[in-house]
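Take a look at the letters that make up each chain.
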Amino acid sequence: MTKLIDQAFDLAKQRFAAVGVDVEAALAKLDQLPVSMHCWQGDDVRGFENPQGALTGGIQATGNYPGRATTAVELRADLDKALSLIPGPKRLNLHAIYLESDSPVERNEIEPKHFSNWVDWAKKNRLGLDFNPTCFSHPQSADGFTLSSANSETRQFWIEHCQASRKVSASFGEQLGTPSVMNIWVPDGMKDLTVDRFGPRQRLMTALDEIISEKLNPQNHIDAVESKLFGIGAESYTVGSNEFFLGYATSRQTALTLDAGHFHPTEVISDKISTAMLYVPRLLLHVSRPVRWDSDHVVILDDETQAIANEIVRNDLFDKVHIGLDFFDASINRIAAWVIGTRNAKKALLRALLEPLDQLRKAENEGDYTLRLALLEEQKSLPWQAVWETYCLRNDVPADAGWITDVRRYEQQILSQR
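Just so it is clear, the model here is predicted, and its values are computed rather than measured. (Residues numbered from 1 in each chain as written. Predicted model: local features only at pLDDT ≥ 70, side-chain atom pairs only at ≥ 80, totals over all residues. Heavy atoms only, no water.)

> Got a minute to help me understand the overall build of the protein in this structure?
Across its full length, the protein carries 14 helices and 10 strands. Taken over C-alpha atoms, the radius of gyration comes to 22 Å for the protein, in line with the 22 Å a tight globule of 418 residues would show. The principal-axis extents of the C-alpha atoms in the protein amount to approximately 65 × 55 × 40 Å. In the protein, buried positions account for 54% of the 418 residues. Residue pairs at least 24 apart in sequence account for 81% of intrachain contacts in the protein once pairs closer than 6 positions are excluded. As displayed, the protein has an accessible area near 18,500 Å², and 50% of this comes from carbon and sulfur atoms. Distance between charge centroids for the protein: 3 Å, based on 44 positive and 57 negative side chains. (Helix = DSSP H or I, 4+ residues; strand = E, 2+ residues; numbered from the N terminus. Rg over C-alpha atoms; globule rule 2.2 N^0.38 Å. Buried < 20%, exposed > 50% of the residue type's maximum accessible area, 1.4 Å probe, protein only. Contact = heavy atoms within 4.5 Å. Areas by Shrake-Rupley, 256 points an atom, 1.4 Å probe, with all protein chains shown as cover. Lys, Arg positive; Asp, Glu negative; His and termini not counted. Charge placed at Lys NZ, Arg CZ, Asp CG, Glu CD.)

> What's the story with helix 9 (residues 303–314) in this structure? I'm lost.
The first and last C-alpha atoms of helix 9 sit 16 Å apart over 12 residues, in line with the 16 Å expected at 1.5 Å per residue. With 9 of 12 residues buried, helix 9 lies mostly within the body of the structure. Within helix 9 the residues assigned to the buried category are Glu304, Thr305, Gln306, Ile308, Ala309, Asn310, Glu311, Ile312 and Val313. Of the surrounding secondary structure, the elements contacted by the buried residues of helix 9 are helix 8 (270–276), strand 9 (283–287), strand 10 (321–325), helix 10 (334–353) and helix 11 (357–365). After helix 9 finishes, the residue Asp316 shows a positive phi value of roughly 55 degrees. (Expected span 1.5 Å × (residues − 1).)

> Just to check I follow, could you spell out the packing of helix 11 against helix 12 (residues 369–378) for this structure?
Between two packed helices, what matters for the description is the angle formed by their axes and the separation of those axes. Running from N to C, helix 11 and helix 12 cross one another at 155 degrees; their axes reach a closest spacing of 7 Å. On the basis of the axis angle, helix 11 is roughly antiparallel to helix 12. Where helix 11 crosses over helix 12, the handedness of that crossing is left-handed. Packed against helix 11, whose contacting residues are Gln359, Leu360, Ala363 and Glu364, the element helix 12 presents Tyr369, Leu371, Arg372, Leu375 and Leu376 at the interface. Taken together, the residues of the contact of helix 11 with helix 12 break down into 6 nonpolar, 1 polar and 2 charged. (Axes fitted to C-alpha atoms, helices over the stretch in contact; angles between N-to-C directions. Parallel < 35°, antiparallel > 145°, perpendicular 65-115°, else oblique. Left-handed = near helix turned anticlockwise from the far one by under 90°. Nonpolar A, V, L, I, M, F, W, Y, C, P; charged D, E, K, R; others polar.)

> Help me understand the environment of Leu33, please; the structure alone is not making it clear to me.
Inspection of the secondary structure puts Leu33 in the loop between helix 2 (23–30) and strand 1 (35–38). With 286 residues separating them along the chain, Leu33 and Asp319 place their C-alpha atoms 9.2 Å apart. Excluding residues within four positions of it along the chain, Leu33 makes contact with Pro89, Phe318, Lys346, Leu349 and Leu353.

> Quick question: what am I supposed to make of the packing of aromatic side chains here?
The geometry of an aromatic ring pair is captured by two quantities: the separation of the ring centres and the angle between the planes. Under the defined criterion, the tally for this structure stands at 11 aromatic pairs. Considering the side-chain rings of Phe48 and Tyr98, the 5.4 Å spacing of their centres and the 85 degrees angle between planes classify their relative orientation as edge-to-face. Of the two residues, Phe48 sits in the loop between strand 1 and helix 3 (72–83) while Tyr98 sits in the loop between strand 2 (90–95) and helix 4 (116–125), which places them 50 residues apart along the sequence. On the accessibility criterion, Phe48 (16% relative accessible area) is buried. Judged by relative accessible area, Tyr98 falls into the buried class, the value being 0%. Between the aromatic rings of Phe244 and Tyr248, the centroid separation amounts to 6.3 Å while the plane-to-plane angle is 10 degrees, which identifies the pairing as stacked. A residue pair is termed a helical-turn pair when its members lie 3 or 4 positions apart in one helix, as Phe244 and Tyr248 do in helix 7 (residues 242–252) at 4 residues. Residue Phe244 shares its accessibility class with Tyr248, and that shared class is buried. One aromatic cluster is present, built from ring pairs that chain together Phe115, Phe131 and Phe172. (Phe/Tyr/Trp six-rings, centres within 6.5 Å; stacked < 30°, edge-to-face > 60°.)

> Explain the environment of Asp10 to me, please; I cannot follow it from the model alone.
Tracing the backbone shows Asp10 in helix 1 (residues 2–18). Take Asp10: its relative accessible area is 40%, and that puts it in the partly exposed class. Considering only alpha carbons, one finds Asp10 and Ala386, 376 residues apart in sequence, at a separation of 8.8 Å.

> Even after reading the chapter, I still don't get the pairing of strand 10, so can you show me in this structure?
If a strand is regular, its side chains alternate between the two faces of the sheet. With respect to burial, strand 10 is a largely interior element, 5 of its 5 residues being buried. Of the two faces of strand 10, both are covered, the one formed by Val321, Ile323 and Leu325 as well as the one formed by His322 and Gly324. Bridge analysis of strand 9 against strand 10 gives 5 bridges, and the strand direction is parallel. What sits directly across from Leu285, in strand 10, is Ile323. Handedness of the β-α-β unit built from strand 9, helix 9 and strand 10 comes out right-handed. (Pairing = 2+ DSSP bridges. Right-handed = clockwise from strand over helix to strand, strands pointing away.)

> Sorry, what's going on with the pairing of strand 6 (residues 221–226) here?
Of all 6 residues in strand 6, 6 are buried, a share of seventy percent or more. The alternating pattern of strand 6 places His221, Asp223 and Val225 on one face and Ile222, Ala224 and Glu226 on the opposite face, and all of these are buried. Across 5 bridges, the pairing between strand 4 (residues 180–184) and strand 6 is parallel. Its bridge partner being in strand 6, Ile184 is matched across the sheet by Val225. Across 3 bridges, the pairing between strand 6 and strand 8 (residues 255–259) is parallel. Paired with Glu226 across the bridge in strand 8 is Thr257.

> Would you mind showing me how to read the packing of helix 2 against helix 13 (residues 384–394) here?
Axis separation between helix 2 and helix 13 bottoms out at 11 Å; the angle between their running directions is 50 degrees. Taken together, the axis directions place helix 2 and helix 13 in an arrangement best described as oblique. Note that helix 2 runs across helix 13; the crossing there is right-handed. Contacts from Val23, Glu24, Leu27 and Leu30 of helix 2 reach helix 13 at Val387, Tyr391 and Arg394. For the contact of helix 2 with helix 13, the class distribution of residues is 5 nonpolar, no polar and 2 charged.

Here it is as structure tokens:
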């Protein structure tokens with residue numbers, strides 16, 4: 001098998017060289033593009049603060065596949081298995097509810113010490129960590145409002161939670177030597193017709209300003225804010241709309257988060273990247289797969305996933321765009337979901353890096369749109385798969401679907417015993 005892959009790779013290098021693409025250079029660049037995996041795929045967004053609590057905030061994890069992680073130890077073990085089957089650099093994205101403590105900790109009192117085991121694990125695996133305040137699944141969010149709440153005590157509670165989260169995030173960056181991107185998303189909104197749309201947005205803006213008022217070292221921590229079109233229970237009005245957060249990120253120069261599922265079903269985030277980058281210093285991408293709505297299906301190698309990767313590569317946004325995943329499917333093996341989604345994100349990046357970009361740009365700049373279209377279509381048939389398989393072998397992970405055998409074995413030995 002290895003010999004056949006080596007032979008195919010040698011031929012692939014020649015084919016790509018013929019159109020001006022340096023395969024080894026593409027692989028070297030791929031080795032510099034980490035994808036931030038999301039911890040919440042492994043336990044259906046339950047966390048360890050109150051793992052039996054209901055998931056709220058207009059989001060759902062559907063399905064009851066056996067083997068859900070119920071402790072941080074189990075979750076890290078499951079992540080270890082997934083990481084071993086995915087080539088190249090990775091990161092891990094944590095939510096605040098994944099803290100570890102011997103006694104209950106209120107969310108506005110979380111500290112770096114509550115995530116020390118995660119930092120130790122990240123060091124062992126040579127990973128960076130990213131972070132999120134958890135502004136849902138809590139009694140203080142029961143009425144659908146957090147940072148925009150008309151109740152000053154409720155609003156202050158969530159301000160303090162986000163401030164505490166920033167300190168946790170900064171501690172990740174300081175300890176791991178790579179900045180933690182901390183994303184703020186709130187579920188605030190209303191189910192039906194809304195009279196006062198301005199007031200909640202004014203309160204949200206003021207609360208966010210208070211949260212980010214303390215200047216933190218950007219080498220350790222990066223603030224990001226995320227919009228959403230609607231959620232279950234907030235179908236008619238979302239306080240943190242796209243217009244709100246684009247304006248906020250632009251005026252405050254924070255990073256802007258674009259989630260593939262947070263827009264109208266006919267909208268795509270790939271087309272928003274080049275516009276947003278004109279106004280904000282950084283982007284955080286939540287690569288997901290909406291099916292009719294923000295359903296957070298496992299990422300596949302579809303047109304939009306490829307278009308997102310193309311935008312990053314074609315516009316040389318490697319140092320300005322942070323790539324994260326955001327899906328949670330409880331209807332299939334959760335480790336397999338991580339592996340499928342992350343490998344597909346990396347495949348898309350590789351295919352983008354293997355485009356004959358110089359030829360495409362030249363054709364476009366000269367107005368030869370016939371040649372541009374022809375090249376775009378013909379390059380789809382170039383043997384990128386041979387390059388991917390070699391990349392997997394170089395990273396000591398299965399080059400084909402053989403990884404599923406490893407996952408099935410883990411399921412039989414570990415997951416089925418839970």
